[in-house]
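Residues per chain are reported as follows:
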Amino acid sequence: MLWVLLSALGLVLLGAAGVGGLYLYGKHRYEAEGPLEAPEIVFLKRGMGLNAIARVLEEEGAVDSALIFRLGVRLEGLSATLKAGEYEIPAHASMQEIAKLLHEGKAILHKLTVPEGRTSHEIVDIVKADPVLVGEVSKVPEEGALLPETYLFERGTSRDEILARMAAAHDAVMEELWPARAENLPIKTEEEAVILASIVEKETGVAEERPRVASVFINRLNRGMRLQSDPTIIYGITGGKGPLGRRIRRSEIDGATPYNTYQIDGLPPTPIANPGRAAIEAVLNPPETKDLYFVADGTGGHAFASSLKEHLKNVAAFRRIQRERGER
């Protein structure tokens, strides 16, 4: 009987020693340098569980044992915290280092830049052309509902998701800026502010001119003068689906349409583009000026005037520059 007990005890001790040895072996493999000789890009799709992640890492050569990776991740309590995304796995990264990288979600970020003053159709075209975004665009957002900005995103982000982020960013900016607006503005709603900001955005490509252009339109609205903005006519013709590609015709200036601010009082019915934060700020807190007119000055900027007489001189000066350049 004693020999039987001693034999059983010996087997238990041998088994424990074997388990301990296996644990130490697995721990060593989990923490040791990995097999990659150079950095490798690995993409882990959304919805992948630990088994699928381990399998992809093994197939890509980032780990040499999916089993040990899974066991190590579970022992560290990270199995439910690994995040999907596109990752650059460093050369010789250990399984433990890879698990930490996935746990922290340090995925590769891609960049999409939307310039100020693009229409919603134009922004959708930019989004559609991005090779990393996935899925189709379900609908073109309303004009003026998006915030032009540079957006960072991970591979696997859908086109509708990035447009939703642009809309949320626009709403956040309006929520921040609208309550801090100047008093006694001739614009009474957030929508009117975005409409006017979109006109300011289309009227100048010079960032520092936005406040002064805004002051011109604010002054004209306060005096009951028409805005007389060429970009509004163009939007009425194209619907924001692309550039006009030619000069505005006299008949189009004289024609009455909802967007022709030469013919209508006040603002057009909708924005004519998606203004950036700076243009919205300029409209909500314009500088105090007496300016009522502006015209191109031939250098990319504009000459401003507080009287029609001064404005006509600026127009004549610009016409001379055009003639000297051979422009019609």
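This text goes with the structure placed above it.
None of the values given here were measured: they were computed from a predicted structure. (Residues numbered from 1 in each chain as written. Predicted model: local features only at pLDDT ≥ 70, side-chain atom pairs only at ≥ 80, totals over all residues. Heavy atoms only, no water.)

Draft legend 1. Fine view of the overall build of the chain. For the chain, the count of helices and strands is twelve helices and six strands. Relative to the compact-globule value of 20 Å for 328 residues, the chain shows a C-alpha radius of gyration of 32 Å, a clear excess of over 25%. Based on the C-alpha atoms only, the size of the chain along its principal axes is roughly 120 × 45 × 30 Å. Every one of the 328 residues in the chain was classed for burial, and the buried ones make up 42%. The contacts of the chain with a sequence gap of at least 6 include a subset with a gap of at least 24, amounting to 63%. Counting only carbon and sulfur atoms, one obtains 54% of the accessible surface of the chain, whose full area is about 18,000 Å². A distance of 7 Å separates the average location of the 39 positive side-chain charges in the chain from that of its 46 negative side-chain charges. (Helix = DSSP H or I, 4+ residues; strand = E, 2+ residues; numbered from the N terminus. Rg over C-alpha atoms; globule rule 2.2 N^0.38 Å. Buried < 20%, exposed > 50% of the residue type's maximum accessible area, 1.4 Å probe, protein only. Contact = heavy atoms within 4.5 Å. Areas by Shrake-Rupley, 256 points an atom, 1.4 Å probe, with all protein chains shown as cover. Lys, Arg positive; Asp, Glu negative; His and termini not counted. Charge placed at Lys NZ, Arg CZ, Asp CG, Glu CD.)

Draft legend 2. Focus on the nonpolar core. Counting residues in each nonpolar core, the largest one holds 46 residues, and the members touching the most others are Val-127, Ile-162, Leu-163, Met-166 and Leu-196. Counting only elements with at least two residues in this core, the list comes to helix H5 (120-129), strand S4 (150-154), helix H6 (159-177), helix H7 (190-203), helix H8 (210-223) and helix H11 (277-284). It is H7 that provides the largest number of residues to this core, a total of seven residues. The next biggest cluster of nonpolar side chains, apart from the first, holds 26 residues, and it includes Leu-50, Ala-99, Leu-101 and Leu-102. (Core = buried A, V, L, I, M, F, W, Y, C linked by side-chain atoms within 4.5 Å.)

Draft legend 3. How the structure looks around the environment of Val-114. Along the chain, the position of Val-114 falls in the loop between strand S3 (109-113) and H5. We classify Val-114 as buried; its relative accessible area is 2%. A sequence separation of 162 residues divides Val-114 from Gly-276, and the C-alpha atoms of the two residues are 9.7 Å apart. The contacts of Val-114, once residues within four sequence positions are left out, are Ile-123, Pro-148, Glu-149 and Met-166.

Draft legend 4. Molecular detail of the packing of H5 against H6. Where H5 meets H6, the closest approach of the two axes is 10 Å, and the angle between their N-to-C directions is 140°. Accordingly, the angle class assigned to the pair H5 and H6 is oblique. Here H5 runs over H6; the crossing is right-handed. Across from Ile-123, Val-124, Val-127 and Lys-128 in H5, the residues of H6 making contact are Arg-159, Ile-162, Leu-163 and Met-166. For the contact of H5 with H6, the residue count by class is six nonpolar, no polar and two charged. (Axes fitted to C-alpha atoms, helices over the stretch in contact; angles between N-to-C directions. Parallel < 35°, antiparallel > 145°, perpendicular 65-115°, else oblique. Left-handed = near helix turned anticlockwise from the far one by under 90°. Nonpolar A, V, L, I, M, F, W, Y, C, P; charged D, E, K, R; others polar.)

Draft legend 5. Representation of the pattern of salt bridges. Counted according to the given criterion, the structure contains 13 salt bridges. Between Glu-104 and Lys-106 there is a salt bridge, with the nearest N and O atoms lying 3.0 Å from each other. Looking at Lys-106, the relative accessible area reads 53%, which means it is exposed. Among the salt bridges present, the one from Glu-176 reaches Arg-277, with a minimum N-O distance of 2.6 Å. Linking Glu-176 in helix H6 with Arg-277 in helix H11, this pair joins segments that are 101 residues apart in sequence. Judged by its relative accessible area of 32%, Arg-277 falls in the partly exposed class. (Salt bridge = Lys/Arg side-chain N within 4 Å of Asp/Glu carboxyl O.)

Draft legend 6. Representation of the packing of aromatic side chains in the model. The final tally for this structure, using the stated rule, is three aromatic pairs. For the pair Tyr-235 and Tyr-259, a centre-to-centre distance of 5.2 Å together with 55° between the ring planes defines the contact as tilted. Of the two residues, Tyr-235 is situated in helix H9 (residues 230-238) and Tyr-259 in the loop between helix H10 (250-254) and H11; the sequence distance between them amounts to 24 residues. With respect to class, Tyr-235 is no different from Tyr-259; both count as buried. Each ring, one from Phe-294 and one from Phe-304, has its centre 5.7 Å from the other, and the planes form 40°; the classification is tilted. (Phe/Tyr/Trp six-rings, centres within 6.5 Å; stacked < 30°, edge-to-face > 60°.)

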